[in-house]
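# Report on the structure
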Protein chains: 2
Amino acid sequence: MPAVTPLDAPQPKFKREPAEIRKEALISATLALVGERGVRGATVRAISERADVTQGLIRHYFRSKEDLILAAYDHHMTQMTEITAQADLPAKSPAQARLVAFVINGLKPPVATSTSVSIWASFLNKVREDTRMREIHQKTYFEFRDRFEGLIKDTYEEAGRVVSAAQLRRYAIACNAVLDGLWMEEGALPEAFSEGELPSIGLEAVGAILGLRLDKEELSQ
Amino acid sequence: MPAVTPLDAPQPKFKREPAEIRKEALISATLALVGERGVRGATVRAISERADVTQGLIRHYFRSKEDLILAAYDHHMTQMTEITAQADLPAKSPAQARLVAFVINGLKPPVATSTSVSIWASFLNKVREDTRMREIHQKTYFEFRDRFEGLIKDTYEEAGRVVSAAQLRRYAIACNAVLDGLWMEEGALPEAFSEGELPSIGLEAVGAILGLRLDKEELSQ
DNA sequence: CAAGTAATTATGCAATTGTATAATTAAGTG
DNA sequence: CACTTAATTATACAATTGCATAATTACTTG
């Protein structure tokens, strides 16, 4: 559809956008490219093209490409945690239901997808070399695990069971590993598992580790 | 120490090596570089320098750099499986001891190191785009999981317990996830765990999933 | 020991990369 | 409406990349 602009008023060659919008567009473009083609594919030219700007703009909003990568990594990891923790449950739901929702959310789209795993793996390389990258990794990893541990603790309290802080930590590490491992396998080899298989296995495994009977059905009650 | 060569016989400028030696040297150099600096750091120049040859030689032994990367990936993954499965146990050891050894081996050096995880993550990016890469990934993944499943099966039989093939598969996927997840966490954030903590947690988690009492001490009996 | 051959080196090249800097121009302000 | 400012584009550049090709040279074979 034609623009509603008189002929003698030439189309503006670009539009100015608020900084937040532009930054987010650049971050989204970066993540999409990293997911599709790996870090190698996320060149400044490709990113700016996808974000529909010219490449100079990246440097205007980020001191370097590395800074953009860092922002994108943080964004992605934080979002994954949020989506996983986001329980669509009635208020005052039992803690165990929230625990079940956490496991299931972490093992189905949009968290457990090959794109998402691919992005994570791409960034992991840089975690070793780059200090700032390591800080983000550490921060987001503990954010996720601590939430998990909190849910486990609440569930135990709800059931009137006692568990030491040390043992709680071990449980959280183990359960987190189950989620990470299954998540990775779904992302790396999606065709090897049937629909809903991994959430089901995840619930069974986490339940066995914690000595709880976790069931999908709890969500609909 | 000086070479035992007369002064009038000039040192040879290079030595011819069997193809296998050279290929392996190039693969080792590639893996070392990928582990240290990620795929980006594994340039043909850096690889050839580390393997102590000139860069033209890469193309002489591999049709392209991509082919070298594929060979290196296969080599690394196969070796990880072998080291994990390599039980240093007396003949006729109970299956459960071999299972315990498998879990522990997979969660301590040289398998669970940040270098090894870093290499794996670097390659994972390419698994999505490259068909041959995906084939290697699939092959090595199933090799590892099937070995694990075999050990679980043997342990159950030894204990006289019955388990269906379907359930065995679920167990193998879950236990494999525990190993993968813990392995990853050790590699990505080594300072977050104390010495021997992850093998211990791994044994506890796998034991809980399988309904077995797994103990480190079994190895020394 | 002569000659061929394959292993290895040496050199060059076109493409791509991140970044720097200059040139535009959309939009706010009085 | 002028004028300023910062958002955005446009252009250029040095460095690095994988690969191709030609030039050497170590070793084998008769």
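Look up a bit, the structure's there.
All of the points below concern the structure found in this document. These figures come from a predicted structure and were not determined experimentally.

## A few points about the packing of helix α8 (residues 165-188) of chain B against helix α9 (residues 197-210) of chain B
All names here are of chain B. For the pair α8 and α9, the least separation of the axes is 10 Å and the interaxial angle reads 165 degrees. Compared by their axis directions, α8 and α9 come out roughly antiparallel. Here the hand of the crossing between α8 and α9 comes out right-handed. Between α8 and α9, the residues in contact are Tyr171, Ala174, Cys175, Val178, Leu182 and Glu186 and Leu198, Ile201, Gly202, Ala205, Val206, Ile209 and Leu210, respectively.

## Brief notes about the protein's contact with DNA strand D
Around DNA strand D sit 25 residues in total, of which Arg16, Arg22, His60 and Tyr61 of chain A together with Lys65 of chain B are the nearest. The sugar-phosphate share of atoms of DNA strand D within 4 Å of the protein amounts to 62%. Lys15 of chain A has a polar backbone atom sitting 3.1 Å from a phosphate oxygen of DNA strand D. For DNA strand D, a phosphate oxygen lies 2.5 Å from a polar atom in the side chain of Tyr61 of chain A. If you list the elements that add at least two residues to the surface near DNA strand D, you get α3 (56-61) of chain A together with α2 (44-50) of chain B.

## Details of the side chain of His137 of chain A
Within the secondary structure, His137 of chain A sits in helix α7 (residues 131-158). Given the relative accessible area of 6%, His137 of chain A is considered buried. When sequence neighbours within four positions are dropped, the list of residues in contact with His137 of chain A reads Tyr73, Leu124 and Val127 of chain A together with Ala188 and Leu189 of chain B.

## Concerning the interface of chain B and chain A
It is common to report an interface's size as the accessible area lost on association of the parts. Contact residues are listed per partner, giving 50 residues for chain B and 51 residues for chain A. Across the contact surface, chain B and chain A share six salt bridges. Residue Glu129 of chain B is joined to Arg40 of chain A by a salt bridge in which the shortest nitrogen-to-oxygen separation is 3.9 Å. Linking chain B with chain A are 20 residue pairs in polar contact (both at pLDDT 80 or more). Taken together, the elements giving at least two residues each to the side of chain B that touches chain A come down to α1 (19-41), α6 (114-129), α7 (131-158), α8 and α9 of chain B. In terms of residue count, α8 of chain B provides more of the side of chain B that touches chain A than any other element does, 15 residues in total.

## Structural notes on unusual backbone geometry
Put simply, Pro109 of chain A and Pro110 of chain A share a cis peptide bond, and its omega is 5 degrees. In this fold, Pro110 of chain A is placed in the loop between α5 (95-106) and α6 (114-129).

## Quick look at the relation of the copies chain B and chain A
Mapping chain B onto chain A calls for a rotation angle of 180 degrees and an axial translation of 0.0 Å; the resulting RMSD is 0.1 Å. Here the transformation between the copies is reduced to the relation of a two-fold axis. In this assembly, 100% of the residues forming the interface of chain B have copies in chain A that are likewise at the interface, indicating an isologous arrangement.

## So, the side chain of Gln96 of chain B
Residues and elements named next belong to chain B. Positionally, Gln96 belongs in helix α5 (residues 95-106). Within the structure, Gln96 has its side chain in polar contact with the backbone oxygen of Arg213 (distance 3.1 Å). Setting aside chain neighbours within four positions, we find Gln96 in contact with Thr155, Glu158, Leu212, Arg213, Leu214 and Glu218.

## Considerations on the protein's contact with DNA strand C
Not every one of the 24 residues close to DNA strand C is listed here, only the nearest: Lys13 and Lys65 of chain A together with Arg16, Arg22 and Tyr61 of chain B. Restricting attention to atoms of DNA strand C within 4 Å of the protein, one finds that 61% of them are sugar or phosphate atoms. In this structure, Gln55 of chain A approaches DNA strand C through a side-chain N or O atom, which is 3.1 Å from a base oxygen. In this structure, a base nitrogen belonging to DNA strand C sits 2.3 Å away from a side-chain N or O atom of Arg16 of chain B. Every element with two or more residues in the surface near DNA strand C is listed here: α2 (44-50) of chain A together with α3 (56-61) of chain B. The element that contributes the greatest number of residues to the surface near DNA strand C is α3 of chain B, accounting for four residues.

## As for helix α4 (residues 65-85) of chain A
Helix length check: α4 of chain A, at 21 residues, gives a terminal C-alpha distance of 31 Å against a target of 30 Å (1.5 Å per residue), a fit within 8%. Here α4 of chain A has its buried residues at Asp67, Leu68, Ile69, Leu70, Ala72, Tyr73, His76, Met77, Met80, Thr81 and Thr84 of chain A.

## A closer look at the pattern of salt bridges
Throughout the structure, instances matching the rule amount to 16 salt bridges over all chains. Put simply, Asp154 of chain A and Arg98 of chain A hold a salt bridge, and the shortest N to O gap is 3.9 Å. One end of the pair, Asp154 of chain A, is in helix α7; the other, Arg98 of chain A, is in helix α5, and 56 residues separate them in sequence. Since its relative accessible area comes to 30%, Asp154 of chain A is described here as partly exposed. A residue is classified by how much of its surface remains accessible, and Arg98 of chain A, at 31% relative accessible area, is partly exposed. Measuring nitrogen to oxygen at the nearest pair gives 2.7 Å for the salt bridge that ties Arg169 of chain A to Glu197 of chain B. Of this pair, Arg169 of chain A sits in helix α8 (residues 165-188) while Glu197 of chain B sits in helix α9, each in a different chain.

Quick notes on the rules
Residues numbered from 1 in each chain as written. Chains lettered and ligands numbered in written order. Predicted model: local features only at pLDDT ≥ 70, side-chain atom pairs only at ≥ 80, totals over all residues. Heavy atoms only, no water. Axes fitted to C-alpha atoms, helices over the stretch in contact; angles between N-to-C directions. Helix = DSSP H or I, 4+ residues; strand = E, 2+ residues; numbered from the N terminus. Parallel < 35°, antiparallel > 145°, perpendicular 65-115°, else oblique. Left-handed = near helix turned anticlockwise from the far one by under 90°. Contact = heavy atoms within 4.5 Å. Near = heavy atom within 4 Å. Polar contact = N/O pair within 3.5 Å; in protein donor to acceptor, adjacent residues only side chain to side chain. Buried < 20%, exposed > 50% of the residue type's maximum accessible area, 1.4 Å probe, protein only. Salt bridge = Lys/Arg side-chain N within 4 Å of Asp/Glu carboxyl O. Least-squares fit on C-alpha atoms with pLDDT ≥ 70 in both. Expected span 1.5 Å × (residues − 1).

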